[in-house]
Amino acid sequence: MAGDSETILELKRVAGDMALDFANTCDHQAGVIVADWLRSYADLLDWVGRVGLLEGAQVEHLRHVAARQPVAAAHAFQQALALRAAIYAIFSAIAGKQPPATEALAYLNAVLAACQPHLQIEPEGEGFRWGWAGDSDALDRPLWPLARAAADLLASPALRLLRQCPAEDCGWLFLDTSRNHTRRWCDMDDCGNRAKARRHYRREVAGG
Ligand SMILES: [Zn+2]
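Residues numbered from 1 in each chain as written. Predicted model: local features only at pLDDT ≥ 70, side-chain atom pairs only at ≥ 80, totals over all residues.

A. Focus on the overall build of the protein. The helix and strand tally for the protein stands at 7 helices and 6 strands. Helices (α) and strands (β) of the protein occur, in sequence order from the N terminus, as α-β-β-α-α-α-α-β-β-α-β-β-α. Radius of gyration (C-alpha) of the protein: 18 Å, near the 17 Å computed for a compact globule of 208 residues. Across its three principal axes, the protein shows a C-alpha extent of roughly 65 × 35 × 35 Å. Counting every position in the protein, which comprises 208 residues, the buried fraction comes to 35%. In the protein, once contacts between residues fewer than 6 apart in sequence are set aside, the share between residues at least 24 apart is 61%. (Helix = DSSP H or I, 4+ residues; strand = E, 2+ residues; numbered from the N terminus. Rg over C-alpha atoms; globule rule 2.2 N^0.38 Å. Buried ≥ 20, exposed ≤ 12 C-beta atoms within 10 Å, placed from the backbone. Contact = placed C-beta atoms within 7 Å.)

B. Focus on the nonpolar core. Membership of the largest hydrophobic core comes to 52 residues, with the highest contact counts inside it found for Leu-83, Ile-87, Ala-147 and Cys-186. Going through the elements one at a time, helix H1 (18-23), helix H2 (41-51), helix H3 (56-68), helix H4 (70-95), helix H5 (102-115), helix H6 (143-154) and strand E6 (173-175) are the ones with two or more residues in this core. Those residues in contact with Ile-87 that lie beyond four places of it in its chain are Ala-19, Phe-22, Ala-23 and Ala-150. (Core = buried A, V, L, I, M, F, W, Y, C linked by C-beta atoms within 7 Å.)

C. Structural detail: the environment of Val-59. Looking at the element boundaries, Val-59 is found in helix H3. Residue contacts for Val-59: discarding those within four places in its chain leaves Leu-45, Val-48, Gly-49 and Leu-54.

Have a look at this one:
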């Protein structure tokens, strides 16, 4: 869970995967969002810039475009929230050994279809990387690498490492890359310690 981070720039990244870290920009309790750090299009830009999904110059450019087109930016923000909800629904279902909802997969596929024409290969250093071509004014550009990251994880063997934090007001998703695959909490300092404190309290009460 997000703990006491005030802004999305301070939010912990514990998932070991970009798409899951994006899903973890809010806390869930019984399937409902109880705390949210993604509150505006500006937050979305801050986040994708911070994690390196878009380059700094691109992020600044989109900030200017959003300032000129606030209605379109608000629309792109709603699309980002819908994508996050779809990513959360898909991966929390899989973590719980359930098949993901068809609508959630359909939404992810719709975003993938929209970004596919922009996908290109770019030189980077001695090698190459996936990049995004054209339309630098597209306010939904932050969604493209996010949808791709989610799709990559779904198609990756790393999916079997997917876990969900069992703290009731957290619901964060992560890849358990611990050596013995025994990681239980999103963050031992946060949810892990709270659980330990509760167990301790219950023992004290039981012991009189
Ligand atoms: Zn947690």
